[in-house]
Amino acid sequence: MKKYTILLLTVFFVWSCSNNSPSSPNPDDFDREAILVNWADNIIIPAFSDLSETTSQLHSSAESFTTSPTQQNLNSLRNSWENAYLAFQHVSMFEMGEAMQLRFRDNLNIYPTDTTEIKENISEGTYDLELPSLNNSQGFPALDYLIHGLGENDTEILSHYTTSSEAQNYRTYLTDLTLRIDTLTDQILNSWTSGYRDEFVNNSGNGANSSLDMMVNDYIYYYEKHLRAGKIGIPAGVFSGSPLSGHVEAYYSEGFSKALFNEALSASINFFNGTHFEGEADGQSLDDYLDYLNTMKDGADLTSIINNQFQVAMNEAQALNDNFAAQVETDNSLMLATYDELQRNVVNLKVDMLQALNINVDYVDADGD
Amino acid sequence: MKLSNILLFPILAFAIIACDNSNEPDIDPPATYEFTRNGESSVSFTGQTTRIQMAAELTSAMMDFDNSTEELLLEMYRNETATGGDADPFQNPDLNDATKNIKGKVAASTDYFASNTQLSAEIKNQFENWLSAQINEVFPNENTLAAAGQPGQIADGSSTRYVNGKGFEYNQLVGKSLIGALMADQMLNNYLSTSVLDAGTNREDNNEGTLAEGSNYTNMEHKWDEAYGYLFGNAENPADPAIGEGNGFLNTYLGRVDGDDDFAGIAQETYEAFILGRAAIEAGAYDVRDEQAQIIRENISTVIAVRAVYYLQSGKAALEQSTPDFGAAFHDLSEAYGFIYSLKFSRVPNSDSPYLSSQEIDAMLAQLEDGEGLWDVETSSLDQMSETIAAQFDFTVEEAAN
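Source: prediction; values computed, not measured.

Along the backbone of chain A there are 15 helices and two strands. Here chain A holds 369 residues, and 42% of them are scored as buried. In chain A, 74% of the contacts between residues at least 6 apart in sequence involve partners at least 24 apart.

Attention shifts here to the overall build of chain B. A count of helical and extended segments in chain B gives 17 helices and four strands. Scaling as 2.2 N^0.38, a compact globule of 402 residues should have a C-alpha radius of gyration of about 21 Å, and chain B matches this with 22 Å. Along the three orthogonal principal directions, the C-alpha set of chain B runs to about 70 × 50 × 35 Å. Considering chain B as a whole, with its 402 residues, one finds that 48% of them fall into the buried category. If you take every contact in chain B between residues at least 6 apart in sequence, the share linking residues at least 24 apart comes to 66%.

The subject of this paragraph is the domain arrangement of chain A. Residue and element names in this part refer to chain A. The domain boundaries assigned to chain A delineate domain 1 (30–204) and domain 2 (205–369). Distance between the C-alpha centres of domain 1 and domain 2: 23 Å. The set of elements that each furnish at least two residues to the side of domain 1 that touches domain 2 consists of helix H2 (32–67), helix H3 (71–88) and helix H7 (139–149). If one sorts the elements of the side of domain 1 that touches domain 2 by residue count, H2 sits on top with 11 residues.

This part covers helix H12 (residues 266–283) of chain B. Residue and element names in this part refer to chain B. With 18 residues, H12 ought to run about 26 Å at 1.5 Å a step, and its terminal C-alpha atoms sit 25 Å apart, in line with that. Among the 18 residues of H12, 13 are classified as buried, and the element is accordingly described as predominantly covered. Downstream of H12 by one or two residues, Gly284 has phi in the positive range, about 70°.

Time to look at the interface of chain B and chain A. With 12 residues of chain B at the interface, the matching set in chain A holds 14 residues. Considering each element in turn, the side of chain B that touches chain A owes the most residues, three residues, to strand E3 (residues 152–156) of chain B. The residue inventory of the side of chain B that touches chain A, partitioned by class, reads three nonpolar, eight polar and one charged.

To continue, consider unusual backbone geometry. A cis amide bond, omega 0°, links Tyr111(A) with the succeeding residue Pro112(A). Mapped onto the elements, Pro112(A) comes out in the loop between helix H5 (104–108) and helix H6 (115–124). Positioned with a positive phi, Ala107(B) is a non-glycine residue whose angle comes to about 45°. Residue position: Ala107(B) is located in the loop between helix H4 (93–97) and helix H5 (110–113). Its 26 C-beta neighbours within 10 Å are what place Ala107(B) among the buried residues.

Turning our eyes to something else, we now look at the packing of helix H10 (residues 211–233) of chain A against helix H11 (residues 257–273) of chain A. Residue and element names in this part refer to chain A. Between H10 and H11, whose axes approach to 11 Å, the crossing angle comes to 160°. Compared by their axis directions, H10 and H11 come out roughly antiparallel. Pair H10 / H11 crosses with left-handed handedness. Mapping the contact onto sequence places Tyr219, Tyr223, Leu227 and Lys231 in H10 and Phe261, Ala264, Leu265, Ser268 and Phe271 in H11.

Quick look at the confidence of the model for chain A now. Model confidence for chain A is summarised by a mean pLDDT of 92, while 92% of its residues fall at 70 or above. Low pLDDT (under 50) marks residues 5–22 of chain A, which in the prediction has zero contacts with non-local residues, meaning those over four places away or in another chain.

Quick look at the pairing of E3(B) now. Residue and element names in this part refer to chain B. Burial runs high along E3: five of the five residues are buried. Pairing geometry for E3 and strand E4 (residues 159–163), over five bridges, is antiparallel. Bridging from a neighbouring strand, Asp156 pairs with Ser159 of E4. Taking the residues that link successive antiparallel strands as the turn, the E3-E4 hairpin has two residues, and the phi of Gly157 there is positive, at about 60°.

The next subject is the packing of helix H2 (residues 46–61) of chain B against helix H7 (residues 170–191) of chain B. All names here are of chain B. Where H2 meets H7, the axes come as close as 10 Å, and the angle between the chain directions of the two elements is 165°. As judged from the angle between their axes, H2 and H7 are roughly antiparallel. Crossing angle aside, the handedness with which H2 passes H7 is right-handed. Contacts between H2 and H7 involve Arg51, Ala55 and Thr59 from the former and Asn171, Val174, Gly175, Leu178 and Leu182 from the latter. Partitioning the contact of H2 with H7 into residue classes produces four nonpolar, three polar and one charged.

With that settled, consider H11(A). Counted at 1.5 Å a residue, the expected span for H11(A) with its 17 residues is 24 Å, and the 25 Å between its end C-alpha atoms agrees. On its buried side, H11(A) packs onto H2, H3, H10, helix H12 (286–292), helix H13 (302–318) and helix H14 (324–330) of chain A.

What follows concerns the nonpolar core. By size, the foremost hydrophobic cluster in this structure holds 114 residues, and its most contacted members are Met187(B) and Ala308(B). Examining the composition of this core, we find that 16 residues originate from one element, helix H13 (residues 286–319) of chain B, more than from any other. Ignoring anything within four residues of it in the chain, the contact list for Ala308(B) reads Ala336(B), Phe339(B), Ile340(B), Leu343(B) and Ile389(B). Judged by nonpolar contacts, the second largest core, of 91 residues, contains Phe65(A), Val91(A), Tyr222(A) and Tyr289(A).

For the rest of this paragraph, the subject is the confidence of the model for chain B. Residue and element names in this part refer to chain B. A residue-level look at chain B finds 94% of positions with pLDDT of 70 or above and a mean pLDDT of 93. Taken together, the stretch residues 15–22 has pLDDT below 50 and engages in two contacts with residues farther than four places along the chain or on a different chain. Overall fold confidence (pTM) sits at 0.84, and the ipTM for the predicted complex is 0.74.

All names here are of chain A. Within the secondary structure, Gly97 sits in the loop between H3 and helix H4 (98–102). With 22 C-beta atoms packed within 10 Å, Gly97 lands in the buried category. Sequence spacing of Gly97 and Ile188 is 91 residues, and the spatial spacing of their C-alpha atoms is 8.4 Å.

Residue and element names in this part refer to chain A. In this fold, His59 is placed in helix H2. As for His59 and Asp218, which are separated by 159 residues in sequence, their C-alpha atoms are 29 Å apart. With sequence-adjacent residues up to four places away left out, His59 is seen in contact with Thr178, Leu179 and Asp182.

The rules behind the values
Residues numbered from 1 in each chain as written. Chains lettered and ligands numbered in written order. Predicted model: local features only at pLDDT ≥ 70, side-chain atom pairs only at ≥ 80, totals over all residues. Helix = DSSP H or I, 4+ residues; strand = E, 2+ residues; numbered from the N terminus. Buried ≥ 20, exposed ≤ 12 C-beta atoms within 10 Å, placed from the backbone. Contact = placed C-beta atoms within 7 Å. Rg over C-alpha atoms; globule rule 2.2 N^0.38 Å. Domains from an automatic or database assignment. Expected span 1.5 Å × (residues − 1). Nonpolar A, V, L, I, M, F, W, Y, C, P; charged D, E, K, R; others polar. Axes fitted to C-alpha atoms, helices over the stretch in contact; angles between N-to-C directions. Parallel < 35°, antiparallel > 145°, perpendicular 65-115°, else oblique. Left-handed = near helix turned anticlockwise from the far one by under 90°. pLDDT = per-residue confidence, 0-100. Pairing = 2+ DSSP bridges. Core = buried A, V, L, I, M, F, W, Y, C linked by C-beta atoms within 7 Å.

Structure below.
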């Protein structure tokens, strides 16, 4: 018996030694810094620069409108709002460093917005937009209400800024909101360009506090909570049982929610593949890391699985109404189908990819109390 | 509870039943907490359901900035006016009609407080101080950003928390401390105690089937039911409760702890102990009854301790992030404070004492409050406290934290 044991052990050792040569590469040998450099220089900073231009345009459009509240100025304000809101979809996932400190995303994009509180703030004229309790009465969703939702038609909307007894307060609130968006954006851009970029890139090790681990966690968190759940799942009633059309992004615009979703999904795909902001060039990113590690799932290449699944979700969403609220109300099954396709990649990213990259999830679902 | 103990339990129970065959009546526990006499239910714990509902209304009124006043909160706590008159502070009219109140049952167990009324009064007043402070410190600063020494609001993810100058949420201190001071204390140190179950002629009455006046239960049965009511009395179906349902009191956290793989089964075991104990009372098997009481004492104490450590550790994790998340940490540590406070009312089985002494607990709470409070608490002391608590129980900090 003993002899057999020894024999077996020997066979095992021999086998394990000889098996060494084609073994998978070590995650630690990969040049993580190359990814961080690509993310910072070709995606994050350009995306924040672009957002900063659009938010400054948004603020100046708001100023023109409040100086002269005409239909034409309202139109161009709406246009600037759309541009800035689209640009925001490219940075919403980067909630780290200064953005995390400022709680950028919560300040700019909590929806549904609290219209009662907005009206209260406007009537009273005293508000401190830095208060967390006012996060849901500012940002893009509050502006959406102020430029699309104040009346049945544009004449009614304009009257709030012209003939209403509170017209001055409305105008002030509008520009206070656009100024705050612009200021917060600049603060984050400045932080990236004056030191944080190097800190981010140099923190290229592995472990929970390394830039790559944190960024990947932020990315998946964003994809799961804000893109999959916020833009599609919550309005489709996935978590509540019945659809909530009032919970779509850009609700008052009645037609912009799909554009925002598409932009956000594209940004997520670009990030995964390291595609330069507003460019075609494909830099180092998670796809290359996975390829380097020869990561397979069910006999297929994980990078391809993820990219294919992104495409499937994108295609599924093509059929959706431009106005998600209308979609939810007329045929919610299409929203649910889109949700399901997005959900499939949560598993690929959060389970398979993280396992391959040896990264731990650093967030849990809040226990709700 | 260790796995070995869980395995031992049925064997022991079996052994006891097997041995007792000759001289003690058979115990036949039902599948759910349903007991009848003459075709009608003999189970009653309305007073406990009422108090759980009062506590729920009280903690939510603490956050009603537009309507709550100091007077209202104190009336909800006492269910009477400051001068002792009838008060109607609750939304639910049944609670206003009730003659019960929260305050009278805070730190009021026979075993711990019958001859310790000074401490009882101190604890009762502690809750009033927290209620008053919510109105006097936090309410005026509803629209102020919190900072060290400055009460106000602070973000916790997309939630807004309202804290005092040291970072504590008074509503959490009140809610989580009531789990111990009201619910666990009444359950473990009062209704499950032989001093209460066997008080007066309870045993004789129970043996002879003498019912309490105007009721369908013996006094002893009713006492046991009242213990049960503090755990499951506010469930949708109290006889067969969903584990974990409820409004943030004991059953909620029994469910949370049970959901952790390291403690899976603790809820069912506790539920079964309640059923077996009640069946044992009907059968007059008082040894079996008392063994169940010890199981419940250990399990409920463990639930409180696990949550204390859990929140200490999640608070620590939030503070140790590269960008410390003070809002999340303060929320966790406010809950931890309440659960630590509640440990004063825990009960080591087969003993007369809590798992940690009041002095040890006060020392931990003082550490949390020291200096700028949660604004400058050391994460190393959060670890120390976690270890101190876990050391008294059959679990590790690691097991509680995940």
